[in-house]
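As a plain string of letters, each chain reads:
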Amino acid sequence: MADKRTVSIIGCGLVGQSWAVVFSTAKVKVRIYDNLPEKLEMGIESIRNKMLELEGKECLRGEISAQEAMKYIEPATTLEQCVKDSSYVQECVFEDFELKRKVFEEVEKYAPDTAILASSTGNIFASRLSDGLRMRDRLIVAHPLNPPHLVPLVEIIPAPWTNPDVVSEARSILQAAGQQPIVAKKETAGFIICRIQHTITAECFKLIKDDIISVADLDKLMPYGLGLRYAFLGALETSYLNANGMKHFCEMYAEPLYELQKQSGPPIKFEGETLDKIQDELEKQIPLCDIEKRRQWRDDRLAELSKLKNKK
Ligand SMILES: NC(=O)C1=CN([C@@H]2O[C@H](COP(=O)(O)OP(=O)(O)OC[C@H]3O[C@@H](n4cnc5c(N)ncnc54)[C@H](O)[C@@H]3O)[C@@H](O)[C@H]2O)C=CC1
Ligand SMILES: O=C(O)[C@@H](O)C(=O)[C@H](O)[C@@H](O)CO
């Protein structure tokens, strides 16, 4: 059944386009706006092509065709038009605090008082974005992974003053659209995704800096190792199943894993010779002129994996 709500997307770039695929294929009315009309026009075309391509591979999410999904998407020529009768606003502009703040100051002039205001930011606290806003108790971070239409996890991080009903309603809206929301109980640097994701990045940098392993071998760890299990199991459940439960796992490994943490060393800056080495090694595998092709290769496989994971 079509959802009666209207979702407003501000910013028709990579993530905004992907959010439009998420909601339109879930039969939710989408209004999308970009302050650059040409970006909006190109973005709508890109959304159409993305959905047609997925449909051609029998990987389009939802139950309707790409053509039918496109009917749920309405370009807005002004921000006011985009949000004026919105239930849920997903902001997807550049990762710039001042800009996002200005956007939300504009949004609250025109959005209904009942609208939920969500930022796609991966790093900026909702409390910074919403402090002093009239609708401050309705603003959350709803940070997706790239691209949201192929990677359904979304982390919802409220400000201390966010209305709890807003969090539960946002969770239901995202769930109904086929996403997998998780909720952080409080704000923490890096939220959940980046804290885990870039702890791994940092350990990779340390291993390369200490010349323990090559970039090529290290980058096999996820696709041929941990990533295979993590595609179906959480990190904690993985250990739970590796033993006869978590307590048994810790009986065996807690001590050495505690010592390991102590040896992990100080934080590492993603710069200098180590960064150069990683860049050079990866560029040999994936020349920058071919990066779009490789992203397509990634997305094709993510789409096939989604099909497998959604198999009943
Ligand atoms: N690219 C990624 O892998 C991910 C990005 N994000 C976050 O999503 C947000 C958007 O990122 P991308 O889509 O990658 O950026 P992008 O650069 O592809 O798109 C940003 C869009 O916002 C538009 N824009 C800028 N100012 C605007 C304004 N005042 N009003 C309306 N539109 C405006 C730009 O014209 C552009 O089309 C950022 O906060 C980013 O951190 C979150 C998860 C993953
Ligand atoms: O990996 C992802 O898709 C996301 O975690 C991001 O790219 C982050 O939002 C990034 O923009 C900041 O770490």
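To start, this report covers the structure provided alongside it.

1. Examining the site of ligand 2
In the neighbourhood of ligand 2, the contacting residues comprise G122, N123, H143, L145, N146, I193, C194, Q197 and H198. Between ligand 2 and N146 there is a distance of 2.7 Å, counted from an oxygen atom to a backbone nitrogen or oxygen. Between ligand 2 and the protein, one listed contact pairs an oxygen atom with a side-chain N or O atom of H198 at 3.3 Å. Protein contact buries 64% of the 330 Å² of open area that ligand 2 shows by itself. By residue number, the principal contributor to the shell around ligand 2 is helix α8 (residues 193-209), which donates four residues. For the shell around ligand 2, a count of residues per class yields three nonpolar, six polar and no charged.

2. Notes on helix α7 (residues 164-176)
Here α7 is 13 residues long and its end C-alpha atoms lie 18 Å apart, about the 18 Å a rise of 1.5 Å per residue gives. V166, V167, A170, I173 and L174 are the residues of α7 that are buried. Mapping the buried residues of α7 onto a view down its axis gives an arc of 130°, with all of them on the same face. Those residues of α7 that are exposed and aimed more than 90 degrees away from the buried face are P164, D165 and A176. Looking at the buried side of α7, the elements it contacts are α1 (14-25), β4 (88-91), β5 (116-119), β6 (139-144), β7 (153-158) and β8 (180-183). Sitting at the head of α7, N163 places a side-chain oxygen 2.7 Å from the backbone nitrogen of D165.

3. Remarks on the packing of α8 against helix α13 (residues 272-285)
The geometry of α8 relative to α13 is characterised by a closest axis approach of 9 Å and an angle of 95° between their N-to-C directions. As far as their axial angle goes, α13 and α8 are roughly perpendicular. Of the residues in α13, those touching α8 at F205, I208 and K209 are T274, L275, K277 and I278.

4. So, the site of ligand 1
Neighbouring ligand 1 are 23 residues; V15, D34, K39, E95 and K100 lie closest to it. At 2.6 Å from an oxygen atom of ligand 1 is found a side-chain nitrogen or oxygen belonging to D34. With respect to ligand 1, the backbone of V93 contributes an N or O atom lying 3.4 Å from an oxygen atom. Relative to its unbound accessible area of 830 Å², ligand 1 is 81% covered by the protein chains.

5. A closer look at the pattern of salt bridges
According to the stated counting rule, one finds 20 salt bridges in the structure shown. The salt bridge partner of E63 is K27, with a shortest N-O separation of 3.8 Å. Note that E63 is positioned in the loop between α2 (37-56) and α3 (66-70) and K27 in the loop between α1 and β2 (29-33), a separation of 36 residues in sequence. Taking relative accessible area as the criterion, K27 reaches 18% and is therefore assigned buried. Where K100 meets E91, a salt bridge forms, and the shortest distance between an N and an O atom there is 2.5 Å. Residue classification places K100 among the buried positions, given a relative accessible area of 1%. Salt bridges sharing partners connect three or more residues here, namely R31, E74 and D85.

About the thresholds
- Along each chain, the written sequence defines residue order, and numbers are assigned to residues from 1.
- Just so you know, chain letters begin at A and ligand numbers begin at 1, following the order they were written in.
- Whole-chain, interface and lining totals are the exception, using all residues; otherwise, since this is a predicted model, local features are given only for residues with pLDDT of at least 70 and side-chain atom pairs are given and counted only at 80 or more.
- Hydrogens are left out, water is left out, and the side-chain values use all remaining heavy atoms of the structure.
- A cutoff of 4 Å decides nearness: a residue is near a molecule or strand if any of its heavy atoms lies inside that distance of it.
- Counting of polar contacts relies on pairs of N or O atoms within 3.5 Å, with two restrictions inside protein: one atom must be capable of donating a hydrogen and the other of accepting it, and residues adjacent in sequence are counted only when both atoms are side-chain atoms.
- What sets the accessible areas is the Shrake-Rupley method with a 1.4 Å probe; for residues, cover comes only from the shown protein chains.
- By definition, any uninterrupted DSSP run of H or I lasting at least four residues is a helix, any uninterrupted run of E lasting at least two residues is a strand, and each is numbered from the N terminus.
- The classification used treats Ala, Val, Leu, Ile, Met, Phe, Trp, Tyr, Cys and Pro as nonpolar, Asp, Glu, Lys and Arg as charged, and all other residues, Gly among them, as polar.
- Multiplying 1.5 Å by the residue count of a helix minus one yields the expected span of that helix.
- Accessibility here uses a 1.4 Å probe with only protein chains present; expressed as a share of the type maximum, an area under 20% marks a residue as buried, one over 50% as exposed, and anything in between as partly exposed.
- What the arc describes is the spread of directions from the helix axis to the C-beta atoms.
- The contact rule is simple, with two residues in contact once any of their heavy atoms fall within 4.5 Å.
- An axis is simply a line fitted to the C-alpha atoms; with a helix, the fit covers only the stretch in contact. Between two such axes, the angle follows the N-to-C directions and lies from 0 to 180 degrees.
- Throughout this description, any angle smaller than 35 degrees is read as roughly parallel, any larger than 145 degrees as roughly antiparallel, any in the 65 to 115 degree range as roughly perpendicular, and the remainder as oblique.
- When a carboxyl oxygen of Asp or Glu lies within 4 Å of a side-chain nitrogen of Lys or Arg, that pair is called a salt bridge.

That is the geometry; function is a separate question.
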